[in-house]
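Observations on the model geometry
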Amino acid sequence: MSATDTTPAAAAPQVTEEGAEPSPRVSRDSLILLVSLPTIVVVVFGAWAWWRATADLDSIEARQLAWGLVLELIWQHVKLTLVAAFFVVAIAVPLGVLLTRPRLRRAGTLVVGLANAGQAAPAIGLIVLLAIWLDFNFSTAVIALTVYAILPVLRNTITGLDAVDPSLVEAGRGIGMSNLGVLFRIELPLAVPVIMTGIRTALVLLVGTATLATFINAGGLGSLIVTGITLFRYPVLVSGALLVALLALLVEWAGRVLELVARPKGV
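In short, a report on the structure.

Calculation criteria
Residues numbered from 1 in each chain as written. Predicted model: local features only at pLDDT ≥ 70, side-chain atom pairs only at ≥ 80, totals over all residues. Heavy atoms only, no water. Axes fitted to C-alpha atoms, helices over the stretch in contact; angles between N-to-C directions. Helix = DSSP H or I, 4+ residues; strand = E, 2+ residues; numbered from the N terminus. Parallel < 35°, antiparallel > 145°, perpendicular 65-115°, else oblique. Left-handed = near helix turned anticlockwise from the far one by under 90°. Nonpolar A, V, L, I, M, F, W, Y, C, P; charged D, E, K, R; others polar. Buried < 20%, exposed > 50% of the residue type's maximum accessible area, 1.4 Å probe, protein only. Contact = heavy atoms within 4.5 Å. Expected span 1.5 Å × (residues − 1). Salt bridge = Lys/Arg side-chain N within 4 Å of Asp/Glu carboxyl O. Phe/Tyr/Trp six-rings, centres within 6.5 Å; stacked < 30°, edge-to-face > 60°. Lys NZ or Arg CZ within 6 Å of the ring centre and 35° of its normal.

This paragraph deals with the packing of helix α6 (residues 138–162) against helix α8 (residues 179–209). Their axes nearest at 8 Å, the elements α6 and α8 cross at an angle of 160°. The angle between the axes of α6 and α8 places the two elements in the roughly antiparallel class. Pair α6 / α8 crosses with right-handed handedness. Split by residue class, the contact of α6 with α8 holds 14 nonpolar, seven polar and one charged.

Listed below in structure tokens is the structure:
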């Protein structure tokens, strides 16, 4: 195959039959999800806010569900999720790239196995053990969440890069691209959809697991759930669980939007 006969897929337009329209960038199912997820969040949160304003709550329930406290806990939960997600991506994507290079490919099985072990361990056990070793604070919660959520991004990065057609890589080298050029202009753009799916999975996983951060004084909406269980205040318990579920849906929607934005045209 000559260099003049093949163009890297990252730069090549999608080939379609004559007269056929190119496939839409957003499928019908994806479009429905992109519209329905934020709509569900807004409607359910509005219904909960109306209930909160009209419910007959005792002094403990009213104090725990005060708007100032609820908004503070939501922000703490979002901060935990975003900071941990940043470190997950910053570690897992470069590591996945390295493990698909010929010199380090053999180490991939061992590293993925260690990441599997991190996720297989009970989340609460991992968080508490790290807190005993380090400290009961926000930073320890971020470390534990990062270890727990690194697997989907690492595995999808390796899978996405391994799925790139080797002939496209050879074509890129044939036209004079360096190894980094091939990686950034061919391999990573083609692997982006698979990598973004892993990141979206990790984000939802982080939102749910972050509820356990309250056990090491790291804040978050788990505080409402624990308080509701401890004091037998079911409105507080249900409110905490509902807000976590809505936040997970919102993060799922944000992940889909990021996946759509990051996906190269024609891929």
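Let's pick the thread back up.
All right, on to the environment of V70 then. Note that V70 resides in helix α3 (residues 67–98). For V70, a relative accessible area of 0% translates into the label buried. Taking the C-alpha atoms as reference, V70 lies 9.4 Å from L243; in sequence the two are 173 residues apart. Setting aside residues no more than four positions away along its own chain, V70 makes contact with W48, Q64, L65 and L243.

The next subject is helix α1 (residues 28–54). Helix length check: α1, at 27 residues, gives a terminal C-alpha distance of 39 Å against a target of 39 Å (1.5 Å per residue), a fit within 8%. All of the buried residues along α1 are L34, L37, V41, W48, A49 and R52. Residues of α1 that are buried sit in contact with α2 (59–64), α3 and α10 (234–262).

Let us now look at the pattern of salt bridges. Any two side chains of opposite charge can pair, so long as their charged atoms come close to each other. Overall, the coordinates contain six salt bridges when judged by the stated rule. Here R173 makes a salt bridge to E170, at a shortest N to O gap of 3.4 Å. In this pair, R173 and E170 both sit in helix α7 (residues 166–174), three residues apart, roughly one turn of the helix. In this structure R173 comes out as partly exposed when scored by relative accessible area, which is 41%. Where R200 meets E259, a salt bridge forms, and the shortest distance between an N and an O atom there is 3.2 Å. Taken together, the residues R200 in helix α8 and E259 in helix α10 connect sequence positions 59 residues apart. On the basis of relative accessibility, which here comes to 12%, the residue R200 falls in the buried class. On the basis of relative accessible area, E259 is assigned to the buried category, the value being 10%.

Not every positive phi belongs to a glycine, and N217 is a case in point at roughly 60°. Even without a glycine there, the phi angle at F232 is positive, about 55°. Note on placement: F232 falls in the loop between α9 (222–230) and α10.

On to the packing of aromatic side chains, then. Summed over all chains, the structure comprises four aromatic pairs. Between F45 and W67, the aromatic rings sit 6.4 Å apart at their centres with planes inclined by 65°, giving edge-to-face as the arrangement. Highlighted residues: F45 in helix α1 and W67 in helix α3, separated in sequence by 22 residues. Overall, F45 belongs to the partly exposed group, its relative accessible area being 29%. Connected via pairs of aromatic rings, a cluster forms that spans F45, W48 and W67. In this structure, K79 is placed above the aromatic ring of F138, and the distance from its NZ or CZ to the ring centre is 5.3 Å.

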